[in-house]
Amino acid sequence: MPLNNKRLFEMSGLIPYCPLCEHRYTPLEARLLDEKDDVCLMYVSCKKCRISLLALVIDNQIGVSSFCLVTELSMDDVIKFKDSSAISPDEVLELHDALQDNVFVNKLITN
Ligand SMILES: [Zn+2]
């Protein structure tokens, strides 16, 4: 990733502790997954309680801010899906309808 170690260290400090168990993170626990313009996507996994955080860190002329969410995604899942298109409401409804079909469900279970 293009961020130098000092910059990554500063940005990971914006995610100081685990929101669930309050374990204090070290900057080495944060992983930089992507960087575009002034926005970085970071991933932190808590060593104590095992939850993971996904954080968008925005560094622009106004200042630095971060938005974090708890996720069940692994770091590999985030890398795999971060550039994928969103699932549409129609696709969700199609899946709902498909799950009403026992033949379809049996194919899912046996494969
Ligand atoms: Zn924790």
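Residues numbered from 1 in each chain as written. Predicted model: local features only at pLDDT ≥ 70, side-chain atom pairs only at ≥ 80, totals over all residues.

### Considering the nonpolar core
One finds Ile15, Ala30, Cys40, Met42, Tyr43, Val44, Leu53 and Val57 forming the largest nonpolar core, which totals eight residues. Contributing elements (two or more residues each) for this core: strand S2 (39-45) and strand S3 (52-60). (Core = buried A, V, L, I, M, F, W, Y, C linked by C-beta atoms within 7 Å. Buried ≥ 20, exposed ≤ 12 C-beta atoms within 10 Å, placed from the backbone. Helix = DSSP H or I, 4+ residues; strand = E, 2+ residues; numbered from the N terminus.)

### Points about the pairing of strand S4 (residues 63-71)
Counting buried positions along S4 yields zero of nine residues, so the element is predominantly exposed. Relative to S4, S3 is paired through nine bridges, and the arrangement is antiparallel. For Ile58, the partnering residue across the bridge sits in S4 and is Ser65. Where S3 hands over to S4, the hairpin turn is made up of two residues, counted between the paired strands. (Pairing = 2+ DSSP bridges.)

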